Amino acid sequence: VYVLVSQETDYYYEMFLLSHYSLRLYHPKGDAEAVLVMDKDTHQRLVDKQAEVLEDVIPVVVDIPNEYTIMQRSRYLKTSLREIVEGDFLYIDTDTIICDDIHDIEDINADVAMAFDHNVSPLPSENKIHTLNLCKRAGFLNLDGQPCYNSGIVYSKDTATAHSFFKEWHNCWQ
């Protein structure tokens, strides 16, 4: 599953194309479904461009409040994925390049799985201060010593626990 919110002035669409291409190197069409969740404006731009990638993905168009910025639209979709997509899924950020077969992701024994931020836990001191400052600005306190996760790759099973996690994540984002 990808989330794409893009305008003519950014490179998110191009980053998505590279990531999708890398996915197809290891998982040809028919081997793995690619779902592209997007807002109405992004979808319309792809239709207007006659984007060939629309033939290789399952497009899901979501109505999002118009007052949201591009970043807010993207976060809205990302944190709502569990309500938008049925079944187990692997969310992949548009700036992620797939470097190998990923079928074994389905073997993960967790309702929701993510990598540690910077792929380590606990965070190294140079990253920890920056991350904790961002958390404090967002209103999250007392996070020292807590693990931090990167939401660029998220595996989610279609379980009550995963639905609850995404609902809480979306509520916190809002």
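Here's a quick rundown of the structure. Just so it is clear, the model here is predicted, and its values are computed rather than measured.

Basis of the calculations
Residues numbered from 1 in each chain as written. Predicted model: local features only at pLDDT ≥ 70, side-chain atom pairs only at ≥ 80, totals over all residues. Heavy atoms only, no water. Salt bridge = Lys/Arg side-chain N within 4 Å of Asp/Glu carboxyl O. Helix = DSSP H or I, 4+ residues; strand = E, 2+ residues; numbered from the N terminus. Pairing = 2+ DSSP bridges. Axes fitted to C-alpha atoms, helices over the stretch in contact; angles between N-to-C directions. Contact = heavy atoms within 4.5 Å. Patch = residues over 30% accessible without salt bridge, like charges linked within 9 Å, V, L, I, M, F, W, Y side chains within 5 Å. Areas by Shrake-Rupley, 256 points an atom, 1.4 Å probe, with all protein chains shown as cover. Expected span 1.5 Å × (residues − 1). Buried < 20%, exposed > 50% of the residue type's maximum accessible area, 1.4 Å probe, protein only. Phe/Tyr/Trp six-rings, centres within 6.5 Å; stacked < 30°, edge-to-face > 60°. Core = buried A, V, L, I, M, F, W, Y, C linked by side-chain atoms within 4.5 Å.

1. Some points on the pattern of salt bridges
And then number 1: Across all of its chains, the model carries 7 salt bridges by this definition.
And then number 2: Note that Asp56 and Arg24 form a salt bridge whose closest N and O atoms lie 2.8 Å from each other. Of this pair, Asp56 sits in the loop between α2 (40-48) and β3 (58-62) while Arg24 sits in helix α1 (residues 12-26), placing them 32 residues apart in sequence.
And then number 3: Between Arg73 and Asp41 there is a salt bridge, and its shortest N-O distance comes to 3.3 Å. Of this pair, Arg73 sits in helix α3 (residues 70-84) while Asp41 sits in helix α2, placing them 32 residues apart in sequence.

2. Focus: the sheet that holds strand β5 (residues 112-116)
And then number 1: Reading across from one edge, β4-β6-β5 is the order of the 3 strands in this open sheet, with antiparallel pairing throughout. Bordering the open sheet on either side are β4 (89-92) and β5, each of which pairs with just one other strand. When strand polarity is set aside, the average angle formed by the axes of neighbouring strands in this sheet is 30°.
And then number 2: As judged from the 5 bridges shared by β5 and strand β6 (residues 149-156), these two strands associate in the antiparallel manner. Bridging from a neighbouring strand, Met114 pairs with Val154 of β6.
And then number 3: Here α3 sits on the sheet and contacts β4 and β6; the angle it forms with β4, its principal contact strand, is near 170°.

3. Observations regarding unusual backbone geometry
And then number 1: You will see that Gln50, though not glycine, has its phi angle at about 55°, which is positive.
And then number 2: Summarising the element assignment, Gln50 is placed in the loop between α2 and β3.

4. Considering a nonpolar patch on the surface
And then number 1: A contiguous nonpolar surface patch, about 340 Å² in accessible area, is contributed by Tyr21, Leu25 and Tyr26.
And then number 2: Along the chain, the position of Leu25 falls in helix α1.

5. Remarks on α1
And then number 1: The end-to-end C-alpha distance of α1 is 22 Å, a good match for the 21 Å that 15 residues give at a rise of 1.5 Å each.
And then number 2: Listing the buried residues of α1 in full gives Tyr13, Phe16, Ser19, His20, Ser22, Leu23 and Arg24.
And then number 3: For α1, the elements touching its buried residues are β1 (2-4), β2 (35-39), α2 and β4.

6. Focus: the packing of aromatic side chains
And then number 1: Under the defined criterion, the tally for this structure stands at 8 aromatic pairs.
And then number 2: Arranged with centres 5.8 Å apart and planes meeting at 80°, the rings of Tyr68 and Trp173 form a pair that is edge-to-face. Remark: Trp173 occurs in helix α5 (residues 160-173) and Tyr68 occurs in the loop between β3 and α3; sequence separation between them is 105 residues.
And then number 3: On the numbers, 6.3 Å between centres and 80° between planes, the contact of Tyr76 with Trp173 is edge-to-face. Of this pair, Tyr76 sits in helix α3 while Trp173 sits in helix α5, and the two are 97 residues apart along the sequence.
And then number 4: Relative accessible area serves as the criterion here: at 19%, Tyr76 is assigned to the buried category.

7. Remarks on the nonpolar core
And then number 1: In this structure, Tyr13, Phe16, Leu36 and Leu46 are the most contacted members of the largest nonpolar core, which totals 17 residues.
And then number 2: Core analysis: the next-biggest nonpolar cluster, separate from the first, contains 15 residues, Val1, Val3, Phe89 and Phe166 among them.

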